[in-house]
Amino acid sequence: MSLATWLLAHLPQSRLPVWRAFAMLGTAALQFALAGCASWQIPTEVDDVALRARAVSATEQEVQLSATVLSAEDSRRMFGVDVNGTGIQPVWLQVENKSPQMLWLLRAGTDPDYFSSLEVAWSLHAPLANADNAALDEHLDRLGFQNPIPPGATRAGIIFTNPHRRTRLLNVDLVGQRRMIPFTLFLPVPDEAPDVGLIPIRQRYAATEAPEYADPDALRAALERLPGYATGADETASADPANVVMIGELADIGAALVRRGFRRDTMELDNAQRLFGRPPDIVVRKAGQGGVPANWLRLWLVPLRYQGQAIFLVQAGRPVGGRFAVAEGKDLILHPDVDEARNLLIQDLLYSGGLAKLGFVGGVGAATVARPRDSLAGTKYYTDGLRAVMFFATRPLALSDVQILDWIPLPNREGDLDAEKRNAQQ
Amino acid sequence: MSFIRRSLLVLASTAMLLAVSGCALVSPPPETAALDFKSRAISRTDHAVRVSTSVLSADESRAVYGAPLATLGIQPVWIEVENRDNAGYWLMSSGLDPNFFPASEAADVFASGQPEIEQRFRELAFRNPVPAGETVSGFVLTNLDEGVKMVQVDLVASGRLRAFSFLSIVPGFRADYRSRKVLPGELHAPDEIIDYTDDNAFRAALAALPCCVTNNNGTRNGDPLNLVIIGGLEDAFPALVRRGWRLTEETWLGSVTRMITSALSGERYRYAPVSPLYLYGRAQDIALQKARDNVHQRNHLRLWLSPLRFHGKPVWVGQISRDIGTRLTIHSPYLTTHKIDPDVDEARAALTEDLFYSQNLNKIGFVSGVGVASKASPRGNLTTDPYYTDGFRAVLVFDAHPTSLAEIDFLPWEGREGGFVRSIIREPR
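An account of the accompanying structure is given in this report.

About the cut-offs
- Residues numbered from 1 in each chain as written.
- Chains lettered and ligands numbered in written order.
- Predicted model: local features only at pLDDT ≥ 70, side-chain atom pairs only at ≥ 80, totals over all residues.
- Heavy atoms only, no water.
- Helix = DSSP H or I, 4+ residues; strand = E, 2+ residues; numbered from the N terminus.
- Contact = heavy atoms within 4.5 Å.
- Areas by Shrake-Rupley, 256 points an atom, 1.4 Å probe, with all protein chains shown as cover.
- Disulfide = S-S within 2.5 Å.
- Buried < 20%, exposed > 50% of the residue type's maximum accessible area, 1.4 Å probe, protein only.
- Pairing = 2+ DSSP bridges.
- Axes fitted to C-alpha atoms, helices over the stretch in contact; angles between N-to-C directions.
- Salt bridge = Lys/Arg side-chain N within 4 Å of Asp/Glu carboxyl O.

Digging into the overall build of chain B
Reasoning step 1: Looking only at helices and strands, chain B features eleven helices and 23 strands.
Reasoning step 2: Taking the intrachain contacts of chain B between residues at least 6 apart in sequence as the baseline, contacts between residues at least 24 apart amount to 70%.
Reasoning step 3: Total accessible area computed for chain B in this model is approximately 15,500 Å², and 56% of it derives from carbon and sulfur atoms.

A look at the side chain of arginine 285 of chain A
Reasoning step 1: With respect to the secondary-structure elements, arginine 285 of chain A resides in strand 13 (residues 282-286).
Reasoning step 2: Aside from chain neighbours lying at most four places away, what touches arginine 285 of chain A is Gly261, Phe262, Arg263, Asp265, Thr266, Met267, Asp270, Ala294, Asn295, Trp296 and Leu332 of chain A.

Looking at the state of the cysteines
All names here are of chain B.
Reasoning step 1: With the rule as written, the count across this model stands at one disulfide over all chains.
Reasoning step 2: There is a disulfide in this structure between cysteine 211 and cysteine 212, and the S-S distance comes to 2.4 Å. Note on the cysteine 211 and cysteine 212 pair: the S-S dihedral is about -105°, so by sign convention the disulfide is left-handed.
Reasoning step 3: You can call cysteine 211 partly exposed: its relative accessible area is 22%.

Quick notes on the side chain of threonine 403 of chain B
Reasoning step 1: The residue threonine 403 of chain B is located in the loop between strand 22 (393-398) and strand 23 (409-410) in this model.
Reasoning step 2: Under the relative-accessibility criterion, threonine 403 of chain B is labelled buried at 8%.
Reasoning step 3: Ignoring sequence-local partners within four residues, the contact set of threonine 403 of chain B consists of Ala398 of chain A together with Gln359, Leu361, Asn362 and Ile408 of chain B.

Brief notes about the pairing of strand 5 (residues 135-143) of chain B
Residue and element names in this part refer to chain B.
Reasoning step 1: A large share of strand 5 lies buried, amounting to seven of its nine residues.
Reasoning step 2: Taken together, the nine bridges between strand 3 (residues 74-83) and strand 5 define a ladder with antiparallel strand orientation. Note on strand 5: the bridge partner recorded for isoleucine 79 is glycine 138.

Brief notes about the sheet that holds strand 7 (residues 179-188) of chain A
Residue and element names in this part refer to chain A.
Reasoning step 1: Here three strands make up an open sheet; going across it, the order is 4-6-7 and the pairing antiparallel. The open sheet has two free edges, formed respectively by strand 4 (104-106) and strand 7, since each of these has just one partner strand. If you compare each strand with its neighbour and ignore which way they point, the axes differ by 30° on average.
Reasoning step 2: Sheet topology places strand 6 (residues 167-176) next to strand 7; ten bridges connect them, and they run antiparallel. Residue pairing in the sheet places valine 175 in a bridge with methionine 180 of strand 7.

Details of the environment of alanine 400 of chain B
Residues and elements named next belong to chain B.
Reasoning step 1: As for its position among the elements, alanine 400 is in the loop between strand 22 and strand 23.
Reasoning step 2: Its relative accessible area of 39% is what places alanine 400 among the partly exposed residues.
Reasoning step 3: Along the primary structure alanine 400 and alanine 239 are separated by 161 residues, whereas in three dimensions their C-alpha atoms are 9.2 Å apart.
Reasoning step 4: Setting aside chain neighbours within four positions, we find alanine 400 in contact with Glu234, Asp235 and Asn360.

Remarks on the sheet that holds strand 2 (residues 63-69) of chain A
Residue and element names in this part refer to chain A.
Reasoning step 1: In space, the four strands of this open sheet follow the order 1-2-3-5, with antiparallel pairing throughout. Since the sheet does not close on itself, it has two edges, and those belong to strand 1 (56-60) and strand 5 (154-161), each with one partner. Direction aside, the axes of adjacent strands within the sheet are offset by 20° on average.
Reasoning step 2: Where strand 2 and strand 3 (residues 89-97) come together, seven bridges link them in antiparallel fashion. In the strand pairing of strand 3, alanine 67 is matched with leucine 93.

Structural notes on the environment of glycine 88 of chain B
Reasoning step 1: Along the chain, glycine 88 of chain B falls in the loop between strand 3 and strand 4 (90-91).
Reasoning step 2: In the structure, glycine 88 of chain B is positioned 42 residues away from valine 130 of chain B in sequence and 5.4 Å away in space, judged by C-alpha atoms.

Overview of the pattern of salt bridges
Reasoning step 1: For the structure shown, the criterion picks out 46 salt bridges over all chains.
Reasoning step 2: Two residues, arginine 220 of chain A and glutamate 224 of chain A, come together in a salt bridge whose shortest N-O distance is 3.9 Å. Taken together, the residues arginine 220 of chain A and glutamate 224 of chain A, both in helix 8 (residues 216-225) and four residues apart, mark about one turn of the helix.
Reasoning step 3: According to the relative accessible area criterion, arginine 220 of chain A is partly exposed, its value standing at 24%.
Reasoning step 4: Of the charged contacts in the structure, one is a salt bridge between lysine 313 of chain B and aspartate 399 of chain B, with a shortest N-O distance of 3.6 Å.

None of this, on its own, says anything about what the molecule does.
Set out below in structure tokens:
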């Protein structure tokens, strides 16, 4: 049964008697006068045909997941109000469970700060409109995704999430008895310019262009030869350092990032950074508390592969000021202590369940506090010159499963500090 | 962020910058403060690794950093790791507080343009790694907790996790967490404690617990007791800390004042007061909050230590609700209260799902005992918020050894097919 037919069968409100429509109109007028905003009315054309038509699907272990990000128009049609306009990105999901096990969708894995249906409804309540508000609650609640998904059953519904820009990295973790089925889908975000960079990323390099490494030592040498930093648009000015390498399938890397609250969001300034002759393929941000400027990761696919897996060269950075600097524009200035951003990213991703191995290689080139290196727009940074190399896996891993490679001994910052002190004294 | 909220924040941070830049920040930190916090450090040893921690008071952090960190809600935690193991360890700052402050972020506001102070912030920060055979100490800057702080130190080496949990008293603050009673002291006399090792008997005992919290004289029922947490300082608390749960401050007037300030500025404020609810004739033993975007959105968790034990582990009975806004009420002396999500099962599911990512959740199951309240005839809590529920309580069993997402057990208790509760309020479509 489709969502639409189900709704038709279960929503008596969609066949409103005339008197009730008039009453609602009256209430609406009153509310408009009181609150200066339009009242909510139950949508008459609720269907998910458009969502199904645009859905992206994947199948893993006898389970099919389909998903679509709702446009503002979808949102108005299905909810009777533009939920997207309130800073929420509704995502339609359908899980078809052909496995013999009951499954449960972990919404915290899709968005650690997702909104409940009634929370969204409450924020849209109009004053002095109890009947309408109750109907709105009922409506959004019925549209929400419901756990669990019994064997052989199909469940569809909405999850109200925080917005991703342009392409949504959708992570869906389904769990069952001692079992987990993770999905990562790449969903186009409607009402925004098409995302030209992300989808063809896996076809960017032909096999001949991307040499395959099987040996860890050879890989390490190759990673050290990668550019130490990006350039500006004219490819002569040096830009931010490429201080992280991520190895794994994009889906696994994306899942780890999303579980830790990173969201897809490219700003104009990101495109000034160029590696391999192009701006970053993917940019994700992790919002700080209270919506203040976020840390960022800029990823470029590298023309190398390791044991069949993709390799990304990454800039991990944090803006100057962080939570306490809310002035416009300040969110884009690189904080000079880039090693701190790198090391904290490692710690964050260790909790993602997606990190399998970790190591350090050279290649960035050291720059001391006393003699920082220039980046774009007058910014400077200092670093121990190492890049963190993270290997991602599909199989969920606990903290105690992560292997630390003894490539370069973990950076000893005490020595650097002594050097800094000496430099400061000179 | 709204224009007003942003403007207020800018104003506040500008004022703060002006205030701190005018201070004599370059004065060297007095040694006495440093000695004080180290002298009350608590230590624990696991195999060859010894960890000591101490949480700084507002005065101590000002003395050590030469900057009033507490004014911006920043609280340094001192950590020393003595590593006599054969591998290097990394300290996980996000384990202490998922919203911790990088040293540079604090330095940006307190030491901007003052290289000596910036360097002091860098030097004071805990520096990874802790190489084999060495001792490393330093500070992690966390969000301010008052009264008692749960300090979770996760140390990761190759293929190894050593987790250390501390309840640390913060000097100079009060809290509704009654540390003297619950931990480490004994709330129950030995003959009151019943330790269950049989699953079915334990399940029956959990189902027989009261449905709901009450008011202070036990005459009215309030929110449903929809949660059972099994574990303690070594396993359940670390899970909660890693997912951003914090102990709350006692309900007192100062806190209310600050909640109002917080609502104006829109800043995330973790100390909106939690009203006392009652079970076993006493207010909650522990009240926790998880702040979300701002004061209007936070989840509340209240726990009571029961006289039950499960394979020796403490059994906490509790109540979880999701705030979806604030509303006026005459049932609270503050005249405002949190509007809770009437779908309390959603809040229960949200907590459960979130704790899947905590590393320590080992088993999950459901038992009855709350009693069904349908959407059509909901029950009311003590502030007359309506709620409805399928009548089950979630039972979460924690273990100190980390469990991957793919290894969590579903206890075959209530529900069908391996312990899943099927909502009986909302028929599946």
